[in-house]
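The primary structure of each chain is shown beneath.
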Amino acid sequence: MLAVFEGFAVIAGVILVGFILGRSGVLGPHGQQVIAKLVFYAGTPTLLYVTVAETDLGLIFNTALFATGGSALIVGAALFVLTKWIRRRSTGEAMFSAWATSYVNIGNLGIPIAAYVLHDIGYVAPVLLFQLLVLAPIGMAVLDGAGKKKIDSHWYSGILPVLKNPIVLGATAGVAASATSFELPRFIFEPIDMIGATAVPGALLAFGISLKDGWGIPVKGTRSQLSYITSAKLIAQPVIAWAIGGPLLGYDGIDLFAIVVTSALPTAQNVYIYSMQYRQSEALMRDAVFITTVLSVPALVIIAALLG
């Protein structure tokens, strides 16, 4: 399980750099917001385009995705209902709670684990595409719709903000390129690829800067919500993924192990980036990323002991 710790070490190293930058103040008072906006408007859309454009869309329909994607949708929907209608919180908090339980750190941590533990990067691609093409657009549609004033009654009023969202635009362009086998000229593709490479470290740096004042006990009013998110993310989701992938779909061995491991990954840093962009549940998402990342280490070790 050394590879699991190596994956976390990579993440911790970049976060530490962000923390040092934040504590030093060299980026100024608005450095975190600038990096977050860079990731949201440039890094993530271009990374999304490059990833999807170079991936066979048939991977999305891999039957294993019914387990990983199905478990994500189930726990996400459950947290949304719990937060919105049972706990009577805002639609924004409900959506981000759903994202925090369903949107896993497949890019930062999933890739090294796939390479060093599962020995096949192919396990990452379907989950990554599912999150970028399904979970992200659905969540942004809900958030954009909830944040729009109810003064415009045109049928297209709730659609336009989604269509202008850079994440959705990147996904759409990537799908079109993959479906048509379209290839950009090298002098255009390489700059896009370079910009996309800033998304992962940028998200981690922004997260590290957010910890410049230290991390303490979550503020009153968020602790119970964090417990729901953490339990759903690290217990319910991998258990549901195992139930769907094993007994229902018949996967076993390394394939079932991959399904459960990718479902037990912690909350993605992208969720925190999105929370800053939408100015919604920022402290809650920061704490969710931190707590699930720390606790996912023993969770993954336990899964490896049981299924590895």
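Residues numbered from 1 in each chain as written. Predicted model: local features only at pLDDT ≥ 70, side-chain atom pairs only at ≥ 80, totals over all residues. Heavy atoms only, no water.

Within an unreviewed UniProt entry, the label attached to the protein chain reads Malonate transporter, and the organism entered is Brevibacterium epidermidis. What UniProt states about the protein chain under its Subcellular location (unreviewed entry) heading is, verbatim, "Membrane". (UniProt positions renumbered as here; feature names shortened; annotations may be inferred.)

Before going further, it helps to examine the packing of aromatic side chains. Tallied over the full model, the rule gives 10 aromatic pairs. With 5.1 Å between their ring centres and 80° between their planes, Phe40 and Tyr41 make a pair best called edge-to-face. (Phe/Tyr/Trp six-rings, centres within 6.5 Å; stacked < 30°, edge-to-face > 60°.)

What follows is about helix H11 (residues 223–248). Between the first and last C-alpha of H11 there are 35 Å, a value that for 26 residues agrees with the 38 Å anticipated at 1.5 Å per step. Of all bends in H11, the biggest is about 40°, found at Ala232. Among the residues trailing H11, Gly250 stands out with phi positive, at a value near 85°. (Helix = DSSP H or I, 4+ residues; strand = E, 2+ residues; numbered from the N terminus. Expected span 1.5 Å × (residues − 1). Bend = angle between axes of the 7 residues up to and from the residue.)

Okay, the packing of helix H6 (residues 124–147) against helix H8 (residues 166–180) next. Where H6 contacts H8, the axes come no closer than 10 Å and their chain directions differ by 150°. By the angle between their directions, the pair H6 and H8 is classed as roughly antiparallel. For H6 against H8, the interelement crossing comes out left-handed. Note on element contacts: H8 touches H6 through Ile167, Val168, Ala171 and Val175, opposite Leu132, Leu133, Ala136, Pro137 and Met140. (Axes fitted to C-alpha atoms, helices over the stretch in contact; angles between N-to-C directions. Parallel < 35°, antiparallel > 145°, perpendicular 65-115°, else oblique. Left-handed = near helix turned anticlockwise from the far one by under 90°. Contact = heavy atoms within 4.5 Å.)

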